[in-house]
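Chains, contacts and geometry: an overview
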Amino acid sequence: MGLSSTNPAYRRYLRRFIPITFVYVALFALATWVIPDDAPASVLTVGVAILPGLAVLGWIWAMARLLVELQDEYLRMLEVRKFLVATALTLAVCSVWGILELYSPQVPKLPIFFVFPMWCAGLGLGMVVNKLTLGDAGCM
């Protein structure tokens, strides 16, 4: 049994994160159903399109609460390191790709929608970095 299943802060995090995920999926499905492809911007389309973004804010809030609620400084450091790896990866990819787009118009545009999922993938890379640098204790 891993630390994440025995630590109360991780259990509270999952109790927040999982419902927010269901809300995100439902709101994304709603937006896809309500807003036709190539719909002009209107109060309705903008309002409905923003709704899934509110769930993303919920995820960010849940992650911030995890950092606040973790009593163990070592575990908090591991989470912060994951966040730093994710941020470094996201900033590097977006910066390099942005420069490519600027100087090479034939390069496909990177939709801004993918920035947060890229950051979340970076959390996975951060977990690998923790595991490689700290052994089994670094894998949450």
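Going by the structure above, here's the rest.
Heads up: these notes are all about the structure in this document. As the structure is a computational prediction, the values presented were derived from the model and not from experiment. (Residues numbered from 1 in each chain as written. Predicted model: local features only at pLDDT ≥ 70, side-chain atom pairs only at ≥ 80, totals over all residues. Heavy atoms only, no water.)

1. Examining the nonpolar core
- If you look at the biggest cluster of nonpolar residues, it comprises 19 residues, and the most contacted ones within it are Trp59, Met63, Leu66, Leu70, Phe116, Trp119 and Leu123.
- The biggest single contributor to this core is helix α3 (residues 43-69), with six residues. (Core = buried A, V, L, I, M, F, W, Y, C linked by side-chain atoms within 4.5 Å. Buried < 20%, exposed > 50% of the residue type's maximum accessible area, 1.4 Å probe, protein only. Helix = DSSP H or I, 4+ residues; strand = E, 2+ residues; numbered from the N terminus.)

2. Brief notes about the packing of aromatic side chains
- Scanning the entire structure with this criterion turns up nine aromatic pairs.
- Taking 5.9 Å as the distance between ring centres and 45 degrees as the angle between the ring planes, the aromatic pair formed by Phe28 and Phe113 counts as tilted. Taken as a pair, Phe28 in helix α2 (residues 8-34) and Phe113 in the loop between α4 (73-103) and α5 (115-134) lie far apart in primary sequence, 85 residues in all.
- Note on Phe113: relative accessible area 43%, which makes it partly exposed.
- Here Phe113 and Phe114 contribute two aromatic rings whose centre-to-centre distance is 5.3 Å and whose plane-to-plane angle is 75 degrees, an arrangement assigned as edge-to-face.
- Using a relative accessible area of 42% as the deciding quantity, one classes Phe114 as partly exposed.
- Pairwise contacts between aromatic rings join Tyr13, Phe17, Tyr24, Phe28, Trp59, Phe83, Phe113, Phe114, Phe116 and Trp119 into one cluster. (Phe/Tyr/Trp six-rings, centres within 6.5 Å; stacked < 30°, edge-to-face > 60°.)

3. Let's talk about the side chain of Glu69
- Looking at where Glu69 falls in the secondary structure, it is placed in helix α3.
- Ignoring sequence-local partners within four residues, the contact set of Glu69 consists of Ala9, Arg12 and Arg16. (Contact = heavy atoms within 4.5 Å.)

4. Some details on the pattern of salt bridges
- Applying the stated criterion across every chain yields a total of four salt bridges.
- Arg16 serves as the salt-bridge partner of Glu69, at 2.7 Å between the closest nitrogen and oxygen. Of this pair, Glu69 sits in helix α3 while Arg16 sits in helix α2; the two residues are 53 residues apart in sequence, bridging distant segments of the chain. We note that Glu69, like Arg16, is buried.
- If you follow the salt bridges from partner to partner, you end up with Arg12, Arg16, Arg65 and Glu69 in one network. (Salt bridge = Lys/Arg side-chain N within 4 Å of Asp/Glu carboxyl O.)

5. Focus on the state of the cysteines
- Following the criterion strictly, the structure yields zero disulfides and no others.
- You can see Cys94 has no disulfide; the closest cysteine sulfur is in Cys120, sitting 13 Å from it.
- Residue classification places Cys120 among the partly exposed residues on the basis of a relative accessible area of 30%. (Disulfide = S-S within 2.5 Å.)

6. Comments concerning the packing of α4 against α5
- One way to put it is that α4 packs onto α5 with a least axis distance of 7 Å and a crossing angle of 130 degrees. Relative to α5, the element α4 lies oblique. The interaxial crossing formed by α4 with α5 has right-handed handedness. Contacts between α4 and α5 involve Tyr74, Leu78, Arg81, Lys82, Phe83, Val85, Ala86, Thr87, Leu89, Thr90, Val93 and Cys94 on the former and, on the latter, Val115, Met118, Trp119, Gly122, Leu123, Leu125, Gly126, Met127, Val129, Asn130, Thr133 and Leu134.
- Across the contact of α4 with α5, the residue classes break down as 16 nonpolar, six polar and two charged. (Axes fitted to C-alpha atoms, helices over the stretch in contact; angles between N-to-C directions. Parallel < 35°, antiparallel > 145°, perpendicular 65-115°, else oblique. Left-handed = near helix turned anticlockwise from the far one by under 90°. Nonpolar A, V, L, I, M, F, W, Y, C, P; charged D, E, K, R; others polar.)

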